[in-house]
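Here are the chains, one letter per residue:
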Amino acid sequence: MGSYATFYFSNFEVCSFKSYIEPIVMTLFRESDRKQIKWIDDDGEERVTFQYCNTISTIKLRLNVMGFNLANTINEFNKYNSEPIFVSEYTGEKFEDISVDDYTFENWLKAMKYIVTSEHYAFELKDKIKPRENPLLYHVLSEHYDGESYYGFKCSDIRFVLRALLELFDDEDEVILDYSDLVDGGYYSEEEKICESLLQSMANTYINNEKIILISEGSSDITVIRRTMEYLFPDIVDYYSFMDFNQSNASGSASSLVGYIKAFIGSGIRNRIIALFDNDTAAEEAILALNKIAVPPNIRVLRYPYLEMASRYPAIGPTGIEFTDINGLACSIELYLGRDILINNDEYDYPTKYIPVQWKGYSQSLRKYHGELLNKEQILKKYFKLLDDIKRRPELKELHDWTGMEKILDMIFNAFNQ
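Residues numbered from 1 in each chain as written. Predicted model: local features only at pLDDT ≥ 70, side-chain atom pairs only at ≥ 80, totals over all residues. Heavy atoms only, no water.

**Examining the pairing of strand S12 (residues 273-277)**
- With five of five residues buried, S12 is to be regarded as a mostly interior element.
- Strand direction decides the pairing type here: strand S10 (residues 212-216) and S12, joined by four bridges, are parallel. Counted as the bridge partner of isoleucine 213 is isoleucine 273 from S12.
- Where S12 lies against strand S14 (residues 299-303), five bridges are found, and the strand directions are parallel. When the sheet's bridge partners are listed, phenylalanine 277 is paired in S14 with arginine 303. (Buried < 20%, exposed > 50% of the residue type's maximum accessible area, 1.4 Å probe, protein only. Helix = DSSP H or I, 4+ residues; strand = E, 2+ residues; numbered from the N terminus. Pairing = 2+ DSSP bridges.)

This is the structure we're talking about:
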C-alpha cells in the first residue's frame, strides 16, 4: 500500500507524496517549523505525529519573498490558461464537446472555493457534477493533477497554485506537511532534518546550473581572462560570469578583493565564486585577513600559479638589476601573458631581454619585498593586439607562448575539483 506524506491547508488535502517528500514544497518551510506532537490513541497507546507546520499568513509572506505574490500568480494563470478549453459529455450515443467559457482566475478561484469547502473529496465531487451544468467546475475537478496543471491551473511552478489557494483560507489557519507515515515506514528518521537537507540539495542543484562568478583584484585581470578564455575555450566561457568593474564602479586591489569575499560570506550567497589574487606579496598580505574566517566551500580563494619563467627574472632594486625568483613576490597577470609579450625588443631602455620588475616596498608582517612589473599598460595593449591579430591570422597562435595563461585557466577550470 505504501507510505505517504500529506500536504494540507487547514483541513483541505492539497496533495500527497508516496515514499518521499517533494523538495519544492519544502521551500515553504524552515527547520524551525518541524514539530513532534505526542498523543494517545483509542487503544491508550502513545503515538507521535511528525510534521512541518506554520500559519497561512507566514507561508503567504514566504511565497511573496520568493516572487510568488498574488499579482504574479494571476499573471501566471493568464499566461498559461488562455487557450480554449472543452470538456466532453456522453449523451448516450456519442461524446459531445462543451466549451468552458469565462475561464478566468477569479472564476477558477470560485471553483476551488467550492471544492475546498465541500464535505466530499475532489474525485467524489466529479461524479456529482455534470459537464453541461457546470463545465468550468467539471474541468477543474477533471484536472486534479496531470503533470502540467493542478486543478486545471496550468503553470510553470506549483507554488503559483499554492499561493492562489492560500487566498481561500484565514491567516491564522495552518499549512501542514504531515510525514508521520514516512517515519513509520522507515523512509525518514524521527530526528532527521528533512527540510534542511532537501533545501541544501535543491541549492546544490541550482548552484551547479548557475554560472561561476569570477572576481579578481582589478579590471585588467578580468578582461585578460575573459578574452583569453573566449579565444582558447569559446565553448566554456559561457559557464562563467565575469565581474564588471566599470559598470559597478568597483575599486580594484588585493584588499578590496578581500572585502568583496567577506561581503559574499556575510550575505550567505550560495553561488560558486572564484576569487583570483596575484602571485605577489601584496596578495599574500591581504589574504591574511581571511585566516580567521571560515570560507565556505562555494568560494575558492586562489592565487595565480607558480610560473617557471619567473623563477629567474630581472628585478630592479637599490643595487641595480638582479635575476631572482619573483614567484610570490611580484607576479601579476601581466607576467603570464607569454615570453613574446614580455620581451623587451629594445622598446624600452632596459638592459635585459624581458621587461623587468621593480621592487616597490617591504611587508613588515611577511618580511618580504613587493615588486611590480614595469610598463603594464603597454604590455596589456600588446597582448590584446595579439589576440585581435590572431583572429585575422590564425597561424600566429602557434607562435605565441600560452604557458602562463593556460596555467591560470587550468586552475580556474579545476577550482571546484579540489
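**Overview of helix H16 (residues 403-413)**
- If you check which residues of H16 are buried, you get Gly404, Met405, Ile408, Leu409, Met411 and Ile412. When H16 is viewed along its axis, its buried side chains cluster within an angular range of 155° and face the same direction.
- Along its buried surface, H16 packs onto S10, helix H10 (219-232), strand S11 (240-242), S12, S14 and helix H15 (376-392). (Arc of directions from axis to C-beta. Contact = heavy atoms within 4.5 Å.)

**A few points about the state of the cysteines**
- This model, assessed by the stated rule, comprises zero disulfides.
- Unpaired in this structure, cysteine 53 has its nearest cysteine sulfur neighbour in cysteine 195, at a distance of 13 Å. (Disulfide = S-S within 2.5 Å.)

**Focus on a nonpolar patch on the surface**
- Residues Phe233, Ile236 and Tyr239 make up a contiguous nonpolar surface patch of roughly 280 Å² in combined accessible area.
- Residue position: isoleucine 236 is located in the loop between H10 and S11.
- Classification of isoleucine 236 as partly exposed rests on a relative accessible area of 31%. (Patch = residues over 30% accessible without salt bridge, like charges linked within 9 Å, V, L, I, M, F, W, Y side chains within 5 Å. Areas by Shrake-Rupley, 256 points an atom, 1.4 Å probe, with all protein chains shown as cover. Salt bridge = Lys/Arg side-chain N within 4 Å of Asp/Glu carboxyl O.)

**Re unusual backbone geometry**
- Notably, serine 10 is not glycine yet its phi reads approximately 55°, a positive angle.
- Secondary-structure assignment places serine 10 in the loop between strand S1 (4-9) and strand S2 (12-18).
- Overall, serine 10 belongs to the partly exposed group, its relative accessible area being 24%.
- For tyrosine 151, which is not glycine, the phi dihedral falls at a positive 50°.
- Topologically, tyrosine 151 is positioned in the loop between strand S7 (149-150) and strand S8 (153-154).
- Using a relative accessible area of 4% as the deciding quantity, one classes tyrosine 151 as buried.

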